[in-house]
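Spelled out, the chains give:
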Amino acid sequence: KSGVVCRIFCCPGSRAKCAYALKTCIRSLEFYNEFFGVPYPLPKLDMIAIPDFAAGAMENWGLVTYREVALLCDEKTVGASQKQRICSVIAHELAHQWFGNLVTMGWWDDLWLNEGFANWMQTFASDKLHPEWNIWETYVGMEQQRALQLDALRSSHPIQVPIKHAEEVEEVFDAISYCKGGSVVRMIYAVLGEEKFQEGLQVYFKRHSYGNTETTDLWKAWSEVSGKDIGTMMRSWTEQMGFPVLKVLTDPLETPGTDEVEVEQKWFLADGSVEAGDEKKTWMVPILIAGSKRKAAVTFFDAGSTARISCGGCNAEGEKWLKFNHGQHIPIRVQYPPSMLARFAADLQSMLPEDRIGLLSDTFALCKAGAMDPIELVKLLKGFDTEANDKVWSELSSVLDGLGKIVRQGLDDAVATAYVSFCAKIFGAAFAKVGWDTKEGDSDNEKKLRSTLIGSVAKYCYKDAAVAAEAKKRFQAFIAAPNDSSVLSADIRGAVLSIVMKAEGTDAVFDQLVAAHDIVTDGAVKINIYAAIGDAPTLALKKRALDWTLSENVRSQDLIYIPASMAVGGREGAEAVFGWIQSEYGQIYGRLGTTSMMLFSSVVRISGAGFVTTDKAKEVEAFWKSRELYKMIQKALSQVIEGIMSNAGFAGRMQTSEAARPGAWA
């Protein structure tokens, strides 16, 4: 509409895969022109798909670069998840044309002004373009959880982090700058509402176009248009690391005659540790409360350790439950007394999907930190037997995978067997309802549900004879024509390949996957193949898979996929990957470290991803400390070690819980 020329460049043979990205580019640009109130100022906007590209995408002004898999797709056969991912990545990079290019941060201390805002904006814009996706539910389960998981470590860092040397910059391109940054923007939006939020942005862009800014410049614009002191509210969120857990001390539905509930806040840490001075950290927390029938106006828990907060009528007669952080707009954890948890479990489907996701993730995190007995999580999980939302199932899968790592490595075999049977039962029953095949009229969300469920079936049901036989039939059709996207639906392709690899675990299957890899032209298919090869069940095949990873057949940008899949597949996989990193360190660094330390930091994280013991934490730490580049990966390593130690503590606590009995999983 504005006359800007939009184009996509790709390698020969991929032109037909550009249509969806081009439409998304045009629609996003038109939306941003209107929403930001300052039109895109260049005469053209080009996007280019690059076969081997270290970053996922880069927002060069007027010429945005992408990995092929982040831009190109066949709109008729693309999987629902990849389709949404392409839309989000484009929306993210185009948001940077304003946040980053038109207005640029003054120094790297305020990197989050670029990345945090674009992280939020990619979801906001995608939701406007495709409201049928309900993509904010995805944000709560993925982006917000990534932020909370990393920021619950003592080795985290503030959103605004002082940068003194250039080599420090790449270390802050992480889930804090992106995902926590995006989460606090979402919090501001919830407090201001769309009208004042947009008005403040337009003031900011008009005032600072072609200039440099600091975080306070954005706070000033929003404060001016809203009359609210945004700077004071946000200082505790951007200038100190971490976030609070709100502990609800009284059940407002059991205290008739009062409209108040007693709440305390304290710094939440993943390992539940307490050190002198921790109590001094507090946050100014927006409070969003809702009951099963009504919701309250936004109030604030000012910086302090305890408060009595009005329920805003949400504890009136007839309410079935009362939930803090309604809609999961605030990046916090909430701990409830058992009576409130029981009410949630009895009526889960009356809650928003975002709230069901938040309740699951909070309960798991609190159990892991020792603030709750793990048996409470088991009880809650059993209340999701009628769940039908794809994003909630994704969170269920994430929680059970995290729990499974502890159960399988930290508890008796009998408990691990009972746990796997529990998972196989719930995922198998849910998958039976949706089936293997896409039905005519299936929405993208229904396709994602099928994809999520079969992904868990691949983890817990691959030994089932009927599952393995059906997967093998579809696997053979794929192997016969790996470039024919109509043969095997993209939504189930990755799971089908993994089921066959796990169920059979033969050199023949490995060879078939490698042969398919060498002729397929779609990057998304290659990623599915890497994940399946990473699921190789025997030590011999694991070694073969890791050796092949360093062959010339695998592009540097893709080197990380096989070890990432293998490291989280169990103790043997974690040991194999760590051993491979030690023995092949020179080659791995030569392929990745000399190209991108951001990519190489992923190797550091993968090296300890599957471990749950203090001994392994010491081994991983000792290895990386012996490397010359230690100072460049020090922050990533400290986070890896703290994560392993947190898992070790959780494993110890699990052993004394009722959840450590096989009968608890019946």
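Please refer to the structure placed before this passage.
Residues numbered from 1 in each chain as written. Predicted model: local features only at pLDDT ≥ 70, side-chain atom pairs only at ≥ 80, totals over all residues. Heavy atoms only, no water.

Q: Sorry, what's going on with the sheet that holds strand 3 (residues 57–58) here?
A: In any sheet, the strands associate via hydrogen bonds between backbone groups, in a parallel or an antiparallel arrangement. With respect to topology, four strands assemble into an open sheet ordered 1-2-4-3, the strand pairing being mixed. Edge positions in the sheet fall to strand 1 (5–9) and strand 3, since each of these pairs with one other strand and no more. Examined bridge by bridge, strand 1 and strand 2 (residues 44–50) share five bridges and lie parallel to one another. Residue pairing for strand 2: Val 5 is matched across the bridge by Lys 44. (Pairing = 2+ DSSP bridges. Helix = DSSP H or I, 4+ residues; strand = E, 2+ residues; numbered from the N terminus.)

Q: Honestly, the environment of Val 334 in this entry has me stumped. Any pointers?
A: Position of Val 334 relative to the elements: it lies in strand 14 (residues 333–335). Note on Val 334: relative accessible area 3%, which makes it buried. Considering only alpha carbons, one finds Val 334 and Leu 246, 88 residues apart in sequence, at a separation of 4.8 Å. Discounting residues that sit within four places of it in the chain, Val 334 has contacts with Val 245, Leu 246, Val 248, Phe 324, Asn 325, Asp 362 and Leu 366. (Buried < 20%, exposed > 50% of the residue type's maximum accessible area, 1.4 Å probe, protein only. Contact = heavy atoms within 4.5 Å.)

Q: When you look at the side chain of Asn 528 in this model, what are you seeing that I'm missing?
A: Structurally, the position occupied by Asn 528 is in helix 19 (residues 523–534). Among the residues examined, Asn 528 registers a relative accessible area of 16% and is labelled buried. Aside from chain neighbours lying at most four places away, what touches Asn 528 is Arg 493, Gly 494 and Leu 497.

Q: What is the right way to read helix 8 (residues 215–226) from this model?
A: Each α-helix winds once per 3.6 residues, and so residues spaced three or four apart point in a common direction. Under the 1.5 Å per step criterion, the end-to-end length of helix 8 is 17 Å for 12 residues, consistent within 8% with the ideal 16 Å. What helix 8 keeps buried is the set Thr 215, Asp 217, Leu 218, Trp 219, Ala 221, Trp 222, Ser 223 and Val 225. Those residues of helix 8 hidden inside the fold are in contact with helix 3 (111–129), helix 6 (175–192), helix 7 (194–208), strand 6 (211–213) and helix 9 (230–238). Two residues or fewer after helix 8 comes Gly 227, characterised by a positive phi angle close to 75°. (Expected span 1.5 Å × (residues − 1).)

In short, the description is geometric, and any link to function would need to be established separately.
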